Each structure stands twice: as C-alpha cells, then as structure tokens.
Amino acid sequence: MTTGDDESPSTPSRPSRSRTYQAVPSTSPFAPDADLDTHNERLMREPRPGEAPPEEPRGWEAPYREPKALLVQREGIEDLTVPLYPDRSYVFGRAPESTVVFPHDAVSRQHGRLSFREDQRWVYRELNSKNGSFLGRTDEQGPVDARLHFQRVGPSRDQVLEAGDVVLLGNGKSRITLLAEVPPGAVAAPLVRKEVSSVTAQLERSIERCARHHLPVFLLGKSGTGKTFIARDIHTRSGVEGNFVILNCGRLPQDTAALTSELLGHVKGAYTGASLSRVGKLYSANGGTLFLDEVEFLSSLAQDFLVDVLEGTGSLAPLGAPPDFREPPPRFRLISASKVPLRQTALRPDLTQRLATGDFIILPTLEERHEDIPHLVEVFLHRLKVEQQYDAELTREAITFLQKASWPGQIRELESTVRTVVAREAAQQELEGLARHRTLVTLESVRTYLEQRERGFGGPVSEPAQRGTRPSVEALAPVRKRPGDLTGEDIRRALEKHEGNKTRASVELRVALNTLKARMKALGIE
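Computed from a predicted model, the values in this text were never measured in an experiment.

Engineer: What is the right way to read the overall build of the protein from this model?
Structural biologist: Along its length, the protein carries 15 helices and 20 strands. Burial analysis of the protein (526 residues in total) assigns 50% to the buried set. Considering only intrachain contacts with a sequence separation of at least 6, the fraction spanning at least 24 residues in the protein is 70%. Carbon and sulfur atoms make up 51% of the accessible area of the protein, which amounts to about 25900 Å² in all.

Engineer: In this structure, what is going on with the pairing of strand 2 (residues 77-83)? I would like to understand it.
Structural biologist: As a general feature of sheets, a regular strand has side chains that alternate between the two faces. As judged from the five bridges shared by strand 1 (residues 69-74) and strand 2, these two strands associate in the antiparallel manner. Counted as the bridge partner of Leu-70 is Val-82 from strand 2.

Engineer: I tried to follow helix 10 (residues 410-431) on my own but got confused; where do I start?
Structural biologist: With 22 residues, helix 10 ought to run about 32 Å at 1.5 Å a step, and its terminal C-alpha atoms sit 32 Å apart, in line with that. Just past helix 10, the residue Gly-433 takes up positive phi, approximately 75 degrees.

Engineer: Looking at this model, I keep getting lost on the confidence of the model for the protein. Mind explaining?
Structural biologist: As a general rule, the predicted coordinates of low-pLDDT regions are not to be interpreted in detail. Averaged over all residues, the pLDDT of the protein is 80; the fraction at 70 or higher stands at 79%. Summarising per-element confidence for the protein, the mean pLDDT is lowest in helix 12 (residues 473-476) (38) and highest in strand 12 (residues 217-220) (97). Here residues 56-60 is modelled with pLDDT under 50, and outside its nearest four sequence neighbours on either side it reaches seven contacts, counting other chains as well. Taken together, the stretch residues 461-479 has pLDDT below 50 and engages in 51 contacts with residues farther than four places along the chain or on a different chain.

Engineer: Looking at this model, I keep getting lost on the environment of Asn-171. Mind explaining?
Structural biologist: In this structure, Asn-171 sits in the loop between strand 10 (165-169) and strand 11 (174-179). Between the C-alpha atoms of Asn-171 and Gly-132, which are 39 residues apart in sequence, the distance is 8.4 Å. Each residue touching Asn-171, except ones within four places of it in the same chain, is listed here: His-104, Ala-106, Asp-145 and Arg-147. A distance of 3.0 Å separates a polar side-chain atom of Asn-171 from the backbone nitrogen of Lys-173.

Engineer: Is there a simple way to explain unusual backbone geometry in this structure?
Structural biologist: Residues other than glycine predominantly adopt negative phi, and peptide bonds predominantly adopt the trans conformation. We note that Asn-128 has phi near 55 degrees; this positive angle belongs to a residue other than glycine. Inspection of the secondary structure assignment puts Asn-128 in the loop between strand 6 (122-126) and strand 7 (133-137). Its relative accessible area of 56% is what places Asn-128 among the exposed residues.

Engineer: What am I meant to see in the sheet that holds strand 10 here?
Structural biologist: Two pairing modes exist for strands in a sheet, parallel and antiparallel, and in both the strands are linked by backbone hydrogen bonds. Reading across the sheet, the six strands line up as 2-1-11-10-7-8 and stay open at both edges, with antiparallel pairing between neighbours. Looking along the sheet, the strands with just one partner apiece sit at the ends: strand 2 and strand 8 (151-152). Summarising the sheet, strand 1 and strand 11 pair through five bridges and their orientation is antiparallel. Directly across from Val-72, in strand 11, lies its bridge partner Ile-176.

Engineer: Would you explain the packing of aromatic side chains in this entry?
Structural biologist: Given two aromatic rings, their pairing is described by the distance between the two centres and the angle made by the two planes. A full pass over the atoms with the stated rule returns five aromatic pairs. Taking the centre distance of 6.1 Å and the plane angle of 55 degrees together, the rings of Tyr-90 and Trp-122 count as tilted. Of this pair, Tyr-90 sits in strand 3 (residues 90-93) while Trp-122 sits in strand 6; the two residues are 32 residues apart in sequence, bridging distant segments of the chain. Taken as a pair, Tyr-90 and Trp-122 share a single burial class, namely buried. With centroids separated by 6.3 Å and ring planes inclined at 75 degrees, the aromatic side chains of Phe-92 and Phe-102 adopt a geometry described as edge-to-face.

Engineer: Sorry if this is basic, but what is going on with the environment of Asp-485 here?
Structural biologist: On the secondary structure map, Asp-485 appears in the loop between helix 12 and helix 13 (488-497). When the C-alpha positions of Asp-485 and Arg-519 are compared, they lie 9.6 Å apart, and in sequence the two are 34 residues distant.

Engineer: Sorry if this is basic, but what is going on with the packing of helix 9 (residues 396-404) against helix 11 (residues 443-456) here?
Structural biologist: To characterise two packed helices, one gives the angle between the axes of the helices and the distance between these axes. At a closest axis distance of 7 Å, the pairing of helix 9 and helix 11 adopts a crossing angle of 35 degrees. On helix 11, the residues that touch Glu-397, Ala-398, Phe-401 and Leu-402 of helix 9 are Leu-443, Val-446, Arg-447 and Leu-450. Considered class by class, the residues forming the contact of helix 9 with helix 11 number six nonpolar, no polar and two charged.

Engineer: Honestly, the nonpolar core in this entry has me stumped. Any pointers?
Structural biologist: Across soluble globular proteins, nonpolar side chains show a tendency to be buried alongside one another. In this structure, Leu-290, Leu-292, Val-295, Leu-298, Leu-351 and Leu-355 are the most contacted members of the largest nonpolar core, which totals 33 residues. Ranked by the residues each element gives to this core, the list is headed by helix 6 (residues 300-311), at six residues. Leave out the neighbours within four places in its chain, and Leu-292 touches Leu-247, Cys-249, Leu-306, Leu-334, Ile-335, Ser-336, Ala-337 and Leu-355. Judged by nonpolar contacts, the second largest core, of 27 residues, contains Ala-392, Phe-401, Leu-414 and Tyr-449.

Engineer: Whenever I open this one, the environment of Gln-429 confuses me. Can you help?
Structural biologist: Along the chain, the position of Gln-429 falls in helix 10. On the accessibility criterion, Gln-429 (5% relative accessible area) is buried. In the structure, Gln-429 is positioned ten residues away from Thr-439 in sequence and 8.3 Å away in space, judged by C-alpha atoms.

Engineer: Honestly, the side chain of Ser-174 in this entry has me stumped. Any pointers?
Structural biologist: Examined against the element boundaries, Ser-174 turns out to sit in strand 11. Residue classification places Ser-174 among the buried positions, given a relative accessible area of 1%. In this view, Ser-174 contacts Gln-73, Phe-102, His-104, Val-107, Val-167, Leu-168 and Leu-169; residues no more than four positions away in its chain are not counted.

Engineer: Where do I start with the pattern of salt bridges in this structure?
Structural biologist: Side chains that differ in sign of charge can pair as their charged atoms come close. Following the criterion strictly, the structure yields 31 salt bridges and no others. When the shortest N-O distance is used, the salt bridge between Asp-119 and Arg-117 registers 2.9 Å. Looking at Asp-119, the relative accessible area reads 6%, which means it is buried. Across the pair Arg-348 and Asp-304 runs a salt bridge whose closest N-O atoms are separated by 2.7 Å. Placement of Arg-348 in the loop between strand 17 (333-338) and helix 7 (349-356) and of Asp-304 in helix 6 is noted, with a sequence separation of 44 residues between them. Its relative accessible area of 27% is what places Arg-348 among the partly exposed residues. Of the residues examined, Asp-304 reaches a relative accessible area of 35% and is grouped as partly exposed. Each of Glu-204, Glu-208, Arg-212, Asp-233 and Arg-237 takes part in salt bridges that share partners, so that together they form one network.

Cut-offs and rules
- Residues numbered from 1 in each chain as written.
- Predicted model: local features only at pLDDT ≥ 70, side-chain atom pairs only at ≥ 80, totals over all residues.
- Heavy atoms only, no water.
- Helix = DSSP H or I, 4+ residues; strand = E, 2+ residues; numbered from the N terminus.
- Buried < 20%, exposed > 50% of the residue type's maximum accessible area, 1.4 Å probe, protein only.
- Contact = heavy atoms within 4.5 Å.
- Areas by Shrake-Rupley, 256 points an atom, 1.4 Å probe, with all protein chains shown as cover.
- Pairing = 2+ DSSP bridges.
- Expected span 1.5 Å × (residues − 1).
- pLDDT = per-residue confidence, 0-100.
- Polar contact = N/O pair within 3.5 Å; in protein donor to acceptor, adjacent residues only side chain to side chain.
- Phe/Tyr/Trp six-rings, centres within 6.5 Å; stacked < 30°, edge-to-face > 60°.
- Axes fitted to C-alpha atoms, helices over the stretch in contact; angles between N-to-C directions.
- Nonpolar A, V, L, I, M, F, W, Y, C, P; charged D, E, K, R; others polar.
- Core = buried A, V, L, I, M, F, W, Y, C linked by side-chain atoms within 4.5 Å.
- Salt bridge = Lys/Arg side-chain N within 4 Å of Asp/Glu carboxyl O.

Here it is in structure tokens:
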C-alpha cells in the first residue's frame, strides 16, 4: 500500500475509488443497485423513439459522473459556486441556518438536503417542502417554465444525482446545478487579501511546500486552530483527483466487524440491515488524501488494524466479500493531526514512526497571530454574505475589542462569535420592524454577547482586559441592578445611548422590556 512516502498518488495505477464505476463488466462487490440508477444511466438504457433497445454486455455498468461543485443561482443575487466535500451535508432553504440560503418565499425554510452516501454517490432528499423540488438536466430546460420538463422529486427518498443534473426549488427561479469540476477561481472569497502576520506567512509557505510533495504530513495544533482546514487546503492545492476523506480517530467503532466496515467497507447483505454496499474510508481516499483527525485517540484495536493495512500485511477485503475477492490496494496521501506531540500519545511506536516519516506543520494559536483577526473577520463576514445573505460589518471598535480578547477556542470560537453577533443583530432588526439593510455590529453588541455567554458557561472565565486576555465581566457591562433599584438616571442614560430604543436599552440594563416600560411609567419617564 502506498501512503505518500513512496510514490505520488497523482498517478495511481488505478483511478480513485470515486471514479471506479467503469463502463466495463463489473465483478466489484460495490456495484450499485439497479433501482438506484442515476438520470444518466437511465438515459443510456432508454431507446429513442423508433429505435430498438441496444444489447448491453452482461454486467454492463455505466460510469457514475461524480459532481465536485454546485452552481447556486438565486433570483436577484450573484451566482455562487460551492465546492462539494464528502464529509459534509448541504441544506438548502430560506432559514438563516441553512448551508446555502435562498431568500425567496417560494422556497421553504428547509427545502432539501444534499449528502454523500456510503455507496459513494451524492443524493438529494426533499424535506417535505411546500412547493417541491424538480430534477432534470442542463439540456432539458424549457424557454418558459423549466419545471414542465423536469421530474418532481418525491419527499423523504434519496435521489441519486450526478454532474450535469439540475435541481429546481419552489417556483423554478432558484436552482442548483451539479458541476463535474470546480471552476478555477470561481469559489467565493474576499476581493482583497490584507497583509498577514509573520507567523501566518510562515504557515502559508509550509502549506504550499506540502502541496508540492506527496510525503505524509503531521499537523500539531490546539483544538480550533484549523487543522482540518489546513489538511483540506493541502489536498486542494496538490491537485490530486481523488477525494479528501476525514477519519475521526476518536469515533471509530470498537469491534472488529464494524471497524472493517468503516475502513474497508462491506458488501450488500454482509449483515442484517446492510441494504447497500458501502465503500470503506480507505478505498474512498484512493488517489486522494486520507486525513487522520485526532489521531491521538486511536484505540488499540484501531491502531493494530491500521498498522496492518498501512504495512500491507492485513486483509483488504470488505466485510462479507467472497473468498476470491481481489482488489488493488488503495493508494493515498496520508495527513494526520493531533493536539499533543506524538511522543506524548499512547500510539504504537511503529505507527508514530509511520506518521512522522514526512513533513510537519505546527499551527500557531490565535494569540500568536492576533493581528490577523481583522482579516479573519472579513473572511467570515464574506462567507455569511454569499452563503446566508447576511450583509453585515463590524465597527472598528468592535474589531479592536476582538483583537484584545482571549480565544481559548481559537479560530473556531472567533468565527462562531462573529456568526452569532451578526445573526443576533439581524434578528433584532427584524424584531424592531426595521427594513432589512446592511447590519452594523457595534462594540456594545459584541460586549453584550460575550458577557452573556460567559454567564451561560457558569461565570467569568477570563482576566481583566489586556492583549491576550478577554475583558472581565465588569469591563463588559455595568453591574446589574434589580429592576426596583433602577434610577431615572440609569434609564435616561441607556435611552440616550441607544437613541430612545427601549429594546436595546433593556438589553444593556439587563431587564425585560415590559419591566423597563413599567419602571419608566413608575418614574414618570416618557
């Protein structure tokens, strides 16, 4: 088996597992079921009017055209290209929490979901939307209403999709086209890349170096520093055709049969409930990259199994495969990640040597690159705009505050904070009946959220404000008073600060809106 230290996976002896559905007689245990054909396969079998049905070779299996990206088209909004990653699912709908938001009344809050099934096919599931989803091809779109030429997708049933398929949502003005490749430069990104810190520049050079060779790579960094993002970025830049496959080592099954199914797959009927053949993670990564996330949590059983497979001494047969099963060993680039150095883990020495025979990247913490926070915030806001239609910005004071804060959860925590304060502020605008326009997130909004979150976690967890630490609760907001202790001066100051907005004043004073109004009436404040 090749894992990257012997030979480049960009020129494997066989194509990636994602492309092994070949138009040749097949004896693979992973052959798809006849009732789960793609649109392309059905067209290949259906004769045109006046033609006799073609004679097919026995065991003929049409190639599956795996999509690599989505072209999202929404009425009145710039087109968006979204790369497809097998480890993710994509929810489409009007709700802000959707992966891609379609802000149109004809689209339901949760309209449909696209996911990667265990048989290595992308499937779309209709989520019982009001106006339905419609499936067709790019060459079947009519001049007036494309839905007339498309097939309505039944609810709660997986529909296999491939490159060239088009899904129409609702009235047909919202559409998703599945692309065979990611168009160069088509993925949404900030228009201007600002200067970055020296540690980030060094990280960028390390990523570029690893993308130019095919040795194993070990990533060391705290939780939230972006290890998965870096691993995926190395894979993308390397230009290999195979998939990027994530193996979460802390969540692997603890029994041999289930572990075999997870890593090597199983055939249909291998056990009760195995209604589909499953391609294992190792074969899914063939011709691409296998990412061992949280490798320090590998169980002893999983370590033994993985060493046997990596060394080529173990069986590569899927669970339930016939005795004469023959399949070339998968070839992939190996990237592993851990929060602790390899010698401090409980991994077998021969496994750590295998993981360490290659390149290393030490990921910096956010404290070491705090000057990058303005750029990171810009990236997060851009994603929110193109994916979820939040048009927002943070004030300079709010960004400065974020730079001085402490981030134990690293970049993940920073991104979560930005997404939350934007969503809260947009919801507040809607609550107040304000027309939807560019949302401005102020210092006070950020302060209020962080203070409430700290209290929700059970009290302050930070030290007084200085670079590298988050401001204490006392610095975030004034000391809370009981409603009966609020003075007229307290209320007038809050109202003046928020230009008479009672809702925001009540948030700052940390009382309910009705309580504030009652207190104002008692004090004779109009």
